[in-house]
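Observations on chain architecture
If you want the building blocks of each chain, they are given just below.
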Amino acid sequence: MDPLERPKPKRQLPNLQQAAQLLGLTQRRTRRSALDRILSVEEMRVRARKRVPRSIFDYVDGAAEEEITLRANRDAFQRLRFHPTALNDVSDPDTRSNILGDTVGMPLALAPTGFTRMVHREGEIGVAWAANRAEIPYTLATLGTASAQDICKVTPRVPRWFQLYAHKSEQANLHLLATARTHGFDTLVVTVDTAVIGSKRRDLRSGLTVPPTVSPRTFVDMAVHPRWWTGALTGAPLGFDALGSSGESMFADLNSQFRQGIDATFLRWIRTEWSGKLVIKGIVSPSDACTAFELGADGIVLSNHGGRQLDRTIPPVTALPAIRRAVGPTRTILLDSGIRSGADIVAALCLGADACMIGRPYLYGLMAGGAPGVDRVLSILRDDIVRTMRLLGVQRLSDLGPHHVSSETSPPTESPFLTAASSL
Ligand SMILES: Cc1cc2nc3c(=O)[nH]c(=O)nc-3n(C[C@H](O)[C@H](O)[C@H](O)COP(=O)(O)O)c2cc1C
């Protein structure tokens, strides 16, 4: 052949065997469930939106006032950039982590969320079951709609944490501590960022408030979601089971029962009454972080309540480096608010967190598909963590450090796909 002549690929009759392989027709296909086809927390959020009444979705998805903090929490994570190193053996990454002395499957715990059975009939029990499968701690909220006893039954393998909204009444606090202790909750998480309940405008409009004042529009919206209301009507009546209360009286005077502000005197008292591990949740300032440890806390949760309390609060991931410097390298710091992927978790660990917590991501899973939906969210996050570690060039979480991450100052741009997926 003349070397200057244009080479032409050889042609042949269509190879059907090859085409079948390409289309995956040669393997026996197992049907992937709708949940398995979901690849991210954002996609789970979109599915959740379709499966429950708007007011229920908004109760989870919404935040305080203008929702500036809700958006800022995401922006802060989206500004972070990784600095990978490639020349490493990453054949055997290990996601196991130690949180407050317990070995867990990954550096994650499920944050407390109240009224969980309102969003799906499986409620806290379904969420705790998924936490147990993923081998991560589960936190039952004071305003939980499942009892400590029932949570205990589905979490034999994992640490149980109990979140305290402190009552004004000393007796009521002691009763909660005793219930938690009896059912094997070894960590008390005291929430300190709720001096008053944040103003969540989506809930004020729909009427999903305490006490509820459901508007006619919300009622109609609920009526056209039979899957949700059949679940709601066929389950046990909604009550504050974690408090041991049927709900009606609590609904009426919830606001008046809780302490307006937690101070050092109260935390000292809790420290003497609670012999288990003590975690203070809702901290974003270095001075509060130092005070919490001086008062005997075993750990703190950097959190702005997912943007549901004081709007314009600094994102915890932005506050993290200064707080780590202030409390030193050995204190336990957990972080929540805005985590939507395993990469977010890895980034927070690089900046000095020991582990993270999530609220909405697992509630999206619950609304989208009950306990299997939560399970899917946790497996997505776990796969993300493994992949991110490998691509970053680390096999052990303890090898992550500030040199792996930097922050862009320019505003992040959402991927066009995510923007399309989230237009609800
Ligand atoms: C629907 C909902 C209910 C919540 N209820 C509580 C609660 O009862 N006690 C508490 O300390 N935090 C509560 N939180 C805050 C979470 O524990 C957590 O701080 C927050 O969800 C983290 O942000 P993320 O949703 O972006 O992950 C709630 C959050 C949501 C979304």
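Everything numeric here is computed off the predicted structure, so don't read it as measured data.

As for the overall build of the chain
A tally of regular secondary structure across the chain gives 18 helices and twelve strands. Relative to the globule expectation of 22 Å for 424 residues, the C-alpha radius of gyration of the chain, 24 Å, shows essentially globular dimensions. Expressed as a percentage of the 424 residues in the chain, the buried residues total 52%. Positive and negative side-chain charges in the chain, numbering 51 and 42 respectively, have mean positions lying 6 Å apart.

Comments concerning the confidence of the model for the chain
Chain-level statistics for the chain give a pLDDT mean of 91 and a share of 92% at 70 or above. Contacts for the low-pLDDT stretch residues 418-424, under 50 throughout, to residues beyond four places or in other chains number ten contacts.

Some words on the nonpolar core
Judged by nonpolar contacts, the single largest core of 100 residues is most densely connected at Ile270, Ile300 and Leu378. The element contributing the most residues to this core is helix α17 (residues 360-392), with 14 residues. Once you skip the residues sitting within four places of it in the chain, Ile270 turns out to touch Leu164, Leu177, Leu188, Val190 and Leu278.

Details of the site of the ligand
If you check the shell around the ligand, you find 24 residues, and the closest are Pro112, Thr191, Asp336, Gly338 and Arg360. At a separation of 3.1 Å, a nitrogen atom of the ligand approaches a polar backbone atom of Gly114. With respect to the ligand, the side chain of Tyr165 contributes an N or O atom lying 2.9 Å from a nitrogen atom. In the complex, the protein chains occlude 98% of the 600 Å² of accessible area that the ligand would expose alone. For the shell around the ligand, the elements supplying multiple residues, two or more each, are α3 (54-61) and α17. Broken down by element, the shell around the ligand gets its largest block of residues, three residues, from α17.

Some points on the pattern of salt bridges
Side chains that carry opposite charge are capable of pairing whenever their charged atoms lie near each other. Tallied over the full model, the rule gives 18 salt bridges. Ionic pairing is found between Arg312 and Glu66, a salt bridge with its closest N-O pair at 4.0 Å. Of the two residues, Arg312 is situated in the loop between β9 (299-302) and α15 (316-327) and Glu66 in the loop between α3 and α4 (68-78); the sequence distance between them amounts to 246 residues. Residue class for Arg312 comes out exposed when judged on its relative accessible area of 62%. Given the relative accessible area of 47%, Glu66 is considered partly exposed. As a salt-bridge pair, Asp298 and Arg271 come within 3.2 Å of each other at their nearest N and O atoms. Highlighted residues: Asp298 in the loop between α14 (286-294) and β9 and Arg271 in helix α13 (residues 264-273), separated in sequence by 27 residues.

Quick look at the pairing of β9
Burial along β9 is two-sided: the residues Gly299 and Val301 and Ile300 and Leu302 are all buried. Bridge count between strand β8 (residues 277-283) and β9: four bridges; the pairing is parallel. Within β9, the position partnered with Ile283 by the bridge is Leu302. Crossover connection from β8 via α14 to parallel β9: handedness right-handed. In this structure, β9 lies alongside strand β10 (residues 332-335), joined through four bridges in parallel fashion. The partner of Val301 across the bridge, within β10, is Leu334. Following the backbone out of β9, through α15 and into the adjacent parallel β10, one traces a crossover that is right-handed.

Brief notes about unusual backbone geometry
Backbone geometry places Glu67, a non-glycine residue, at a positive phi of 60°. Relative to the assigned elements, Glu67 resides in the loop between α3 and α4. What makes Glu67 buried here is its relative accessible area of 12%. With a phi angle near 95°, Ser337 is a residue other than glycine that sits in the positive phi range. With relative accessibility at 7%, the residue Ser337 sits in the buried group.

A look at the environment of Leu351
Within the secondary structure, Leu351 is located in the loop between α16 (342-350) and β11 (355-358). Through-space distance from the C-alpha of Leu351 to that of Ala322 is 9.7 Å; in sequence the pair is 29 residues apart. When sequence neighbours within four positions are dropped, the list of residues in contact with Leu351 reads Leu80, Val317, Leu320, Pro321 and Val405.

Considering the packing of α3 against helix α10 (residues 216-223)
Two numbers describe how α3 lies on α10: the axes approach to 8 Å, and their chain directions differ by 105°. As summarised for this structure, α3 and α10 are arranged roughly perpendicular, according to the angle between their axes. Here Arg54, Ser55 and Ile56 of α3 lie close against α10, whose contacting residues are Thr218, Asp221 and Met222. Of the residues belonging to the contact of α3 with α10, the class tally is two nonpolar, two polar and two charged.

Reading the values: rules and limits
Residues numbered from 1 in each chain as written. Predicted model: local features only at pLDDT ≥ 70, side-chain atom pairs only at ≥ 80, totals over all residues. Heavy atoms only, no water. Helix = DSSP H or I, 4+ residues; strand = E, 2+ residues; numbered from the N terminus. Rg over C-alpha atoms; globule rule 2.2 N^0.38 Å. Buried < 20%, exposed > 50% of the residue type's maximum accessible area, 1.4 Å probe, protein only. Lys, Arg positive; Asp, Glu negative; His and termini not counted. Charge placed at Lys NZ, Arg CZ, Asp CG, Glu CD. pLDDT = per-residue confidence, 0-100. Contact = heavy atoms within 4.5 Å. Core = buried A, V, L, I, M, F, W, Y, C linked by side-chain atoms within 4.5 Å. Near = heavy atom within 4 Å. Polar contact = N/O pair within 3.5 Å; in protein donor to acceptor, adjacent residues only side chain to side chain. Areas by Shrake-Rupley, 256 points an atom, 1.4 Å probe, with all protein chains shown as cover. Salt bridge = Lys/Arg side-chain N within 4 Å of Asp/Glu carboxyl O. Pairing = 2+ DSSP bridges. Right-handed = clockwise from strand over helix to strand, strands pointing away. Axes fitted to C-alpha atoms, helices over the stretch in contact; angles between N-to-C directions. Parallel < 35°, antiparallel > 145°, perpendicular 65-115°, else oblique. Nonpolar A, V, L, I, M, F, W, Y, C, P; charged D, E, K, R; others polar.

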